[in-house]
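Take a look at the letters that make up each chain.
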Amino acid sequence: SLILGIESSCDETAAALVTSERRVLAHRLATQESEHRPFGGVVPEIAARAHVEILPSLIEEALAEAKVRLADVDAIAATAGPGLVGGVMVGLVTAKGLALASGKPLVAVNHLEGHALSPMLSEPDLAFPYLLLLVSGGHCQLLFVEGLGRYRRLATTIDDAAGEAFDKTAKLLGLGYPGGPAVERAAEAGDANAVPLPRPLVGSPEPHFSFAGLKSAVLRARDGGAYRPADLAASFQQTVVDCLVNRTARALREARGATALVVAGGVAANKAIRGALTDLAAAHDLPFVAPPLWLCTDNAAMIGWAGALRFEAGLIDGLDAPARARWPLDPDAEKVRGAGV
Ligand code: ATP
Ligand code: MG
Ligand code: FE
């Protein structure tokens, strides 16, 4: 089947055409980075308005690039959450309008499911089950991905997400927005062993993450005045790498039968993190799968792909599908561990 995917949950607006044979026929993306940069972070009202302005033309461009018409698609898939609800609503309402006008079914996609399944697009042989480290702006989780809709959460962050830690650290080092790429660039000229920083939860029996204390430690080290920003950035990045690797190694013990170690989400664009996970997978005799950078950060191809799998499974949604600010992938884990953990 052929699916039109739409993404608008944060600060990228995107449209893509994807087939259930894992082919991306077209993908278009507009980032709003320059509009949010003066504010040092995403401003929800600005984001929603920018989505409204650009989304229709992105969809037209994607259809033209794929050389298909709306009448040729089998379903329209849009992110329905989690994310900034104003932005989510823009993409979802647009998808509903197109569905109504064309008579095509709507598929409401969980943005995290999009990230979780995105590595299948770049790795045709990737099969369930796999252990996924999902590291993005709002999430830091280890998921045992057993199949479509079957995500067993083995770990999550008890405070900040990994991407959030990069963004906050970039801000307090004056490196600008978005923080991840800025910290990575600054770290290239720094010494990763220069600044002693705590490694929260490393070695703990539960595989959870914690990054809030790390950010505070970077702030104290900065205010101490003894370190160069490049050394602070490099030491921070190395600490995140160590935490992610230690926690992922812990979760591998619970992920028996996994066919691969997989990383996804915007932070998976980081080269130091990719390198360390490559070594970890090799040490466990597992293939390592990391999508290309454009598939790691927000995009519509991953939404189209998740939509294709859902459509093929008969999982279509009504035009009353709600836009959700919160939408956990593994509700059972939320019940057991309580809100926020
Ligand atoms: P979520 O998917 O949890 O709703 P999001 O959609 O905002 O959040 P993504 O677009 O997947 O998140 O990822 C954005 C995050 O990735 C930002 O926090 C950004 O700083 C981080 N990031 C992007 N590139 C890099 C990099 N090279 N190194 C580290 N972090 C990075
Ligand atoms: Mg973004
Ligand atoms: Fe995302």
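Since we're looking at a predicted model, the values are computed, not measured. Sequence positions are assigned chain by chain, starting from 1 and proceeding in written order. Chain A is the first chain written and ligand 1 is the first ligand written, with later ones labelled in order. In keeping with the model being predicted, local features are shown solely for residues with a pLDDT of at least 70 and side-chain atom pairs are shown and tallied solely at 80 or more, while totals for entire chains, interfaces and linings include all residues.

A. Seen up close, the pairing of strand S6 (residues 130–135). Around each residue's C-beta, the other C-beta atoms within 10 Å are counted; 20 or more make the residue buried, 12 or fewer make it exposed, and counts in between make it partly exposed. All C-beta atoms are placed from the backbone. The helix and strand labels rest on DSSP assignments: H or I over at least four residues marks a helix, E over at least two residues marks a strand, and numbering proceeds from the N terminus. Within S6, six of the six residues are buried, leaving the element largely enclosed by the surrounding structure. Alternating positions in S6 separate into two faces, Tyr130, Leu132 and Leu134 on one and Leu131, Leu133 and Val135 on the other, with burial throughout. Two strands make a pair as long as DSSP finds a minimum of two bridges between them. Where S6 folds back on strand S7 (residues 140–147), the antiparallel hairpin that results is connected by four residues. Across four bridges, S6 lies against strand S9 (residues 261–264) in parallel orientation. The residue of S9 that forms the bridge with Leu134 is Ala264.

B. Layout of the pairing of strand S3 (residues 24–31). Inspection of the sheet shows strand S2 (residues 12–19) paired to S3 by seven bridges, in the antiparallel sense. Looking at S3, one finds that Ala14 is bridged to Leu29. The turn joining S2 and S3, which pair antiparallel and follow one another in sequence, is formed by four residues; a positive phi near 70 degrees is taken by Arg22.

C. Just the site of ligand 1, in detail. Neighbouring ligand 1 are 24 residues; Gly137, Gly138, Gly163, Gly180 and Gly266 lie closest to it. When contributions to the shell around ligand 1 are tallied by element, the ones reaching two or more residues are helix H4 (111–117), helix H6 (162–172) and helix H7 (179–187). Broken down by element, the residue count for the shell around ligand 1 peaks at four residues, all from H7. Ten residue types, Ala, Val, Leu, Ile, Met, Phe, Trp, Tyr, Cys and Pro, are classed as nonpolar, four, Asp, Glu, Lys and Arg, as charged, and the remainder, Gly among them, as polar. For the shell around ligand 1, the residue count by class is six nonpolar, 15 polar and three charged. Here, nearness means that the C-beta atom of a residue, built from backbone geometry, sits within 6 Å of the molecule or strand in question.

D. Quick look at the environment of Arg49. Relative to the helices and strands, Arg49 resides in helix H2 (residues 44–66). On a C-alpha basis, the gap between Arg49 and Gly176 in space is 23 Å, while along the polypeptide they are 127 residues apart.

E. Summary view of the UniProt feature "domain: Gcp-like" (unreviewed entry) in the chain. As recorded in UniProt, the feature "domain: Gcp-like" (unreviewed entry) lies at residues 24–305. Helix makes up 48% of residues 24–305 and strand makes up 17%, while its end C-alpha atoms are separated by 9 Å. UniProt positions are given in the numbering used here, feature names are shortened, and annotations may be inferred rather than shown by experiment.

F. Examining the nonpolar core more closely. Buried Ala, Val, Leu, Ile, Met, Phe, Trp, Tyr and Cys residues whose C-beta atoms connect them within 7 Å together make up a nonpolar core. Ala77 and Leu131 are the most contacted members of the largest nonpolar core, which has 110 residues in total. Broken down by element, the residue count for this core peaks at nine residues, all from helix H9 (residues 229–252). Dropping the residues within four chain positions of it, Leu131 is found in contact with Leu142, Phe144, Ala251, Leu252, Ala255, Ala258, Leu261 and Val262. Residues are defined as contacting one another if the C-beta atoms placed from their backbone atoms lie within 7 Å.

G. How the structure looks around H9. To estimate how far a helix should extend, the number of its residues minus one is multiplied by 1.5 Å. The terminal C-alpha atoms of H9 lie 34 Å apart, and with 24 residues this matches the ideal 34 Å at 1.5 Å per residue to within 8%. For H9, a buried count of 17 out of 24 residues is recorded, marking the element as mostly surrounded by other parts of the structure.

H. Structural view of the sheet that holds S3. Here five strands make up an open sheet; going across it, the order is S3-S2-S1-S4-S5 and the pairing mixed. Either end of the sheet is taken by a strand with one partner, and the two such strands are S3 and strand S5 (106–110). Strand-to-strand twist of the sheet, defined as the mean angle between neighbouring strand axes without regard to direction, takes the value 20 degrees. Think of each axis as a best-fit line through the C-alpha atoms, taken over the contacting stretch in the case of a helix, with angles from 0 to 180 degrees between the N-to-C directions.

I. Layout of the UniProt feature "binding site: substrate" (unreviewed entry) in the chain. In the UniProt entry, the feature "binding site: substrate" (unreviewed entry) is given for Leu134, Val135, Ser136, Gly137, Gly138, Asp167, Gly180, Glu184 and Asn270. Beyond its immediate sequence surroundings of up to four residues, Ser136 is in contact with His115, Ala161, Gly163, Gly265, Gly266 and Val267. Looking at the secondary structure, you find Gly137 in the loop between S6 and S7. A count of 23 C-beta atoms within 10 Å places Gly137 in the buried class. In this view, Gly137 contacts Cys10, Ala161, Gly163, Glu164, Asp167 and Gly266; residues no more than four positions away in its chain are not counted.

J. Representation of the packing of helix H8 (residues 212–224) against H9. Between H8 and H9, whose axes approach to 11 Å, the crossing angle comes to 160 degrees. Taken together, H8 and H9 sit at an angle that is classed as roughly antiparallel. Viewed along their axes, H8 and H9 form a crossing whose handedness is right-handed. Taken together, the residues of H9 that come into contact with H8 (itself represented by Leu214, Val218, Ala221 and Arg222) are Leu232, Phe236 and Thr239. Residue composition of the contact of H8 with H9, by class: five nonpolar, one polar and one charged. To sort the angles, those under 35 degrees are grouped as roughly parallel, those over 145 as roughly antiparallel, those from 65 to 115 as roughly perpendicular, and the leftovers as oblique. Handedness of each helix crossing follows the sense of rotation of the near helix against the far helix: counterclockwise by less than a right angle gives left-handed, clockwise gives right-handed.

K. Geometry of the sheet that holds S6. The strand order across the open sheet built from five strands is S8-S7-S6-S9-S10, with neighbouring strands paired in mixed fashion. Strand pairing shows two members of the sheet lacking a second neighbour, strand S8 (150–156) and strand S10 (288–289), which therefore form its edges. With two bridges joining them, S9 and S10 adopt parallel strand pairing. From the neighbouring strand, Val262 faces S10, where its bridge partner is Val289. Each of S9 and S10 is contacted by helix H10 (residues 271–283), which is oriented at about 165 degrees to S9, the strand it contacts most.

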